[in-house]
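Residue strings, one per chain:
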Amino acid sequence: QVQLVESGGGLVQAGGSLRLSCAASGRTLSRYAMGWFRQAPGKEREFVAVITGSAVITNYTDSVKGRFTISRDNAKNTVYLQMNSLKDEDTAVYYCAADTSGGWPRGRDDYDYWGQGTAVTVSS
């Protein structure tokens, strides 16, 4: 079993920055791809970014390219999402997830473990 705990969410003004963290326990994550998803009120959970276990490959949804950066520290069993130039439409609950299949998927059904989420609110 893998337990994932997100932190770092909060209220920020448009144009500001936040860094989300996802700490894992129960298993070493270095071989797993890790993804970030978000769910805005009234909308479905959507893919944001993914990083492979070795951090060689990253992939982002178009709306966050150039603004968000996913990274990981396998020694700390932690994944990060640096969010810059935040916009109103980035307001959502952000979830991290682990995929044990060996790929770097964008579909939420491909992930095996999920955290409880951390809320991000961007005010204009």
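Residues numbered from 1 in each chain as written. Predicted model: local features only at pLDDT ≥ 70, side-chain atom pairs only at ≥ 80, totals over all residues. Heavy atoms only, no water.

For the rest of this paragraph, the subject is the state of the cysteines. Counted under the stated rule, the structure contains 1 disulfide. Here cysteine 22 is linked by a disulfide to cysteine 96, with a sulfur-sulfur distance of 2.0 Å. Measuring the twist about the S-S bond at about 55°, one finds the cysteine 22-cysteine 96 disulfide to be right-handed. Here cysteine 22 is found in strand β3 (residues 18-25), whereas its partner cysteine 96 is found in strand β9 (residues 92-99), with 74 residues between them in sequence. For cysteine 22, a relative accessible area of 0% gives the class buried. (Disulfide = S-S within 2.5 Å. Helix = DSSP H or I, 4+ residues; strand = E, 2+ residues; numbered from the N terminus. Buried < 20%, exposed > 50% of the residue type's maximum accessible area, 1.4 Å probe, protein only.)

Further remarks concern unusual backbone geometry. For asparagine 77, which is not glycine, the phi dihedral falls at a positive 55°. Along the polypeptide, asparagine 77 turns up in the loop between β7 (68-73) and β8 (78-83). Asparagine 77 gets classed as buried once you look at its relative accessible area, which sits at 14%. Unlike most non-glycine residues, serine 85 shows phi in positive territory, near 50°. The class for serine 85 is partly exposed, based on a relative accessible area of 40%.

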